[in-house]
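Okay, here's what each chain looks like letter by letter:
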Amino acid sequence: MPKLASVIVFLGPPGAGKGTQAARLSATLGIPVISTGEMLRQAAQSGSELGKAVEGVMASGHLVSDDLINEVVDERLRRSDCNSGCILDGYPRTVSQALSLEGLLDRLNLPEPVVLNFQLASDKIVERLSRRRQCPQCGASYSVKHHNNSARCERDGSLLTRRADDNPETIRQRLELYHSTSAALVDFYRSRNYHEIRASRTPSHVSRELTRILRGSRPVTAIPAVHQTVLSATA
Ligand code: AMP
């Protein structure tokens, strides 16, 4: 049986567990996670031109421009590790980005995305984001029970840090922005391969639901033999 490419789009507010689920799914499906937020944070850390251009916007909780982010994603999806598909976390965030993605997938002969919309109440989001800590080395995300400045990464022992935009004022701004932009994006995808995920449940419950949805959701583009990789987990 030919192997099939999968493009999976994660929609949903910050703090809904998209990063955790993207990492799990990536390991299962053998396709990369493309987190635009993570790419921009790395660019900001490296001090590159892109980083300098986006640092201030990110710190304020606003979105960087559609043109800029579309270009970043276009360049990333053209790399060979995306030949079997990818998981997009944090992109698209606007209808204009969704349209740009549609054209790009078409040009790259990749299938239309399976869209998974993570849903979580605002009070839970704020609670989760205020507990969120990240490893500055490997990017692993943790939830700390208490405010603890000495928690370390289980993988590499680095001191965990709080994301610059996980402070109460920026969280409020990001949530407002999310609520004002998400409805149009959901309208765009609702009539397509679109599924809502109850993200309040445990990560294991959510993982099982994603697997169930992806099993029933057949991707449509066969990968040329030369690009075939391990995708049997959803077969
Ligand atoms: P995230 O890690 O997805 O919460 O993204 C962190 C920040 O990066 C956002 O608050 C935006 O400033 C920027 N960003 C990430 N993805 C996008 C996108 N698709 N469009 C515009 N800005 C983005």
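Residues numbered from 1 in each chain as written. Predicted model: local features only at pLDDT ≥ 70, side-chain atom pairs only at ≥ 80, totals over all residues. Heavy atoms only, no water.

Asker: How do you make sense of the overall build of the protein when you look at a structure like this?
Answerer: Secondary structure summary: the protein contains eight helices and seven strands in total. Put simply, the protein has 235 residues, and 45% of those count as buried. Counting only contacts in the protein whose residues sit at least 6 apart along the sequence, the fraction spanning at least 24 positions is 72%. As displayed, the protein has an accessible area near 12100 Å², and 52% of this comes from carbon and sulfur atoms. (Helix = DSSP H or I, 4+ residues; strand = E, 2+ residues; numbered from the N terminus. Buried < 20%, exposed > 50% of the residue type's maximum accessible area, 1.4 Å probe, protein only. Contact = heavy atoms within 4.5 Å. Areas by Shrake-Rupley, 256 points an atom, 1.4 Å probe, with all protein chains shown as cover.)

Asker: Explain the confidence of the model for the protein to me, please; I cannot follow it from the model alone.
Answerer: Interpretation of the predicted coordinates at a detailed level should be avoided for regions scoring low in pLDDT. Residue-level pLDDT values for the protein average 87, and 89% of them are 70 or greater. Counting interchain partners and residues more than four positions distant, the pLDDT-below-50 stretch residues 220–235 has 40 contacts. (pLDDT = per-residue confidence, 0-100.)

Asker: What's the story with the pattern of salt bridges in this structure? I'm lost.
Answerer: Pairs may arise between side chains of opposite charge once their charged atoms sit close together. If you walk through the whole model with that rule in mind, you get 17 salt bridges. Across the pair Asp-74 and Arg-78 runs a salt bridge, and its minimum N-O distance is 2.6 Å. Residue classification places Arg-78 among the partly exposed residues on the basis of a relative accessible area of 45%. In this structure, a network of salt bridges that share partners links the residues Arg-132, Arg-163, Asp-165, Asp-166 and Arg-174. (Salt bridge = Lys/Arg side-chain N within 4 Å of Asp/Glu carboxyl O.)

Asker: Would you mind showing me how to read unusual backbone geometry here?
Answerer: The general pattern is negative phi for most residues beyond glycine and trans for most peptide bonds. A cis amide bond links Tyr-91 with the next residue in sequence, Pro-92, at an omega value of 0°. Its location among the elements puts Pro-92 in the loop between β3 (85–89) and α5 (95–107). Unusually for a residue other than glycine, Asn-109 sits at a positive phi of about 60°. Residue position: Asn-109 is located in the loop between α5 and β4 (114–119).

Asker: Even after reading the chapter, I still don't get the pairing of strand β1 (residues 6–11), so can you show me in this structure?
Answerer: As a general feature of sheets, a regular strand has side chains that alternate between the two faces. For β1, the tally of buried residues reaches six of six residues, placing the bulk of the element in the interior. Side chains of β1 alternate between two faces, with Ser-6, Ile-8 and Phe-10 and Val-7, Val-9 and Leu-11 buried alike. As judged from the five bridges shared by β1 and β3, these two strands associate in the parallel manner. If you follow Phe-10 over to β3, its bridge partner there is Asp-89. With four bridges connecting them, β1 and β4 associate as parallel partners. Bridge pairing links Leu-11 to Asn-117 in β4. (Pairing = 2+ DSSP bridges.)

Asker: What should I look at first to understand the side chain of Arg-174 in this one?
Answerer: Summarising the element assignment, Arg-174 is placed in helix α7 (residues 168–190). On the accessibility criterion, Arg-174 (11% relative accessible area) is buried. Dropping the residues within four chain positions of it, Arg-174 is found in contact with Pro-14, Gly-61, Leu-129, Arg-132, Arg-163, Asp-165 and Asp-166.

Asker: Please explain the packing of helix α2 (residues 36–46) against helix α4 (residues 66–77) as it appears in this structure.
Answerer: Angle between the axes and distance between the axes are the two parameters that describe a pair of packed helices. Running from N to C, α2 and α4 point in directions that differ by 100°, and their axes come no closer than 11 Å. Relative to α4, the element α2 lies roughly perpendicular. On α4, the residues touching Thr-36, Met-39 and Leu-40 of α2 are Ile-69, Val-72, Val-73 and Arg-76. A breakdown of the residues in the contact of α2 with α4 according to their chemical character gives five nonpolar, one polar and one charged. (Axes fitted to C-alpha atoms, helices over the stretch in contact; angles between N-to-C directions. Parallel < 35°, antiparallel > 145°, perpendicular 65-115°, else oblique. Nonpolar A, V, L, I, M, F, W, Y, C, P; charged D, E, K, R; others polar.)

Asker: I'm lost on the sheet that holds strand β2 (residues 33–35) in this one. Help?
Answerer: Hydrogen bonds between backbone atoms are what pair the strands of a sheet, whose relative direction is either parallel or antiparallel. A sheet is described by the order of its strands in space; here five strands give the open sequence β2-β3-β1-β4-β7, paired in parallel fashion. One side of each edge strand has no neighbouring strand; the edge strands of this open sheet are β2 and β7 (194–198). Strand after strand, the sheet turns through a mean of 20° between neighbouring axes, direction not considered. Of the strands in this sheet, β1, β2, β3 and β4 touch helix α1 (residues 18–29), which is tilted by about 170° from β1. Of the strands in this sheet, β2 and β3 touch α2, which is tilted by about 65° from β2.

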